[in-house]
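The lines below spell out each chain.
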Amino acid sequence: MKLKGFLLVLSGPSGVGKNTLMNAVFPNIPNLHYSISATTRPPRSGETHGVDYYFLSDQEFDEMIENDQFLEWAHFCGHRYGTPKFFVEEKIKQGKAVIMDVDIQGAIQIREKVNDAVLVFLLPPTWDELKNRLIKRGKDPIESINQRLERSFDELKYINEYDYFIINDQLDKAAERLTMIINAEWCRVERADLSAFENLDKGVR
Ligand code: ADP
Ligand code: 5GP
């Protein structure tokens, strides 16, 4: 049966494990694609342009805004981040699901523009564990870690804007839960083309 594609927004504090979780579910779910964001933040060690992000200059980011090339964009801890429109629109048209990692401001913009988007919030088991993960990742300076933790407290106030929550304690359990959410979303009547069932009662009634 032909299905309508959809957008899945994954938000949660920096360091909670959004990228780790997405990587864990990709092998389980066909037709799921990752939307690579654009950012003006410099790459962390090990990050690659066109894989982790499109790392843009301020001028390049401005041009994308002027040319209406973002589905949403926002300021976060001194840098700008945005979702390029083209990739998402193409994949949805092809009946695929697209997963994107955006902050709360981005999630609210998506909610306003895309009424059937699915919003998932990822929580750490404890704040201490979140701090440990940010430190253990070892890719942000301590000021940036503290700024991100502060920001996380603010973001949590908006959790009611989301459809689902997942606690990322054990990674395999969190991956199972995200997989369940995505599979359930594919089962929604609104995503199905049920035209083949329209005249089933002909000759029976
Ligand atoms: P985010 O994408 O949310 O910023 P990452 O995926 O980069 O976070 O994860 C941050 C750190 O936490 C990484 O070092 C990762 O290996 C670790 N991590 C992710 N999930 C778990 C988990 N369930 N248990 C322990 N460590 C985790
Ligand atoms: P980081 O710098 O840790 O990779 O990401 C910082 C924050 O930016 C995270 O909360 C992440 O979800 C958010 N983010 C990443 N890409 C986008 C995007 O395209 N749009 C928005 N609004 N936020 C994003």
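Residues numbered from 1 in each chain as written. Chains lettered and ligands numbered in written order. Predicted model: local features only at pLDDT ≥ 70, side-chain atom pairs only at ≥ 80, totals over all residues. Heavy atoms only, no water.

A few words now on the site of ligand 1. Inspection of the region around ligand 1 gives 13 residues, with Gly15, Lys18, Asn19, Thr20 and Arg137 positioned closest. At a separation of 3.0 Å, an oxygen atom of ligand 1 approaches a polar backbone atom of glycine 17. Aspartate 169 places a main-chain nitrogen or oxygen 2.9 Å from a nitrogen atom of ligand 1. Bound to the protein, ligand 1 loses 77% of the 570 Å² it would expose on its own. Looking at the shell around ligand 1, the elements with two or more residues in it are helix 1 (18–25) and helix 5 (127–137). Element by element, the count of residues in the shell around ligand 1 is highest for helix 1, at three residues. (Near = heavy atom within 4 Å. Polar contact = N/O pair within 3.5 Å; in protein donor to acceptor, adjacent residues only side chain to side chain. Areas by Shrake-Rupley, 256 points an atom, 1.4 Å probe, with all protein chains shown as cover. Helix = DSSP H or I, 4+ residues; strand = E, 2+ residues; numbered from the N terminus.)

Another point: the site of ligand 2. The full set close to ligand 2 counts 17 residues, and Ser37, Arg41, Tyr53, Tyr81 and Asp101 are the nearest of them. Within the side chain of tyrosine 81, a nitrogen or oxygen atom sits 2.6 Å from an oxygen atom of ligand 2. Between an oxygen atom of ligand 2 and a side-chain N or O atom of threonine 83, the distance comes to 3.3 Å. For the shell around ligand 2, the elements supplying multiple residues, two or more each, are strand 5 (70–76) and strand 6 (79–84). Among the residues making up the shell around ligand 2, the classes are represented as five nonpolar, five polar and seven charged. (Nonpolar A, V, L, I, M, F, W, Y, C, P; charged D, E, K, R; others polar.)

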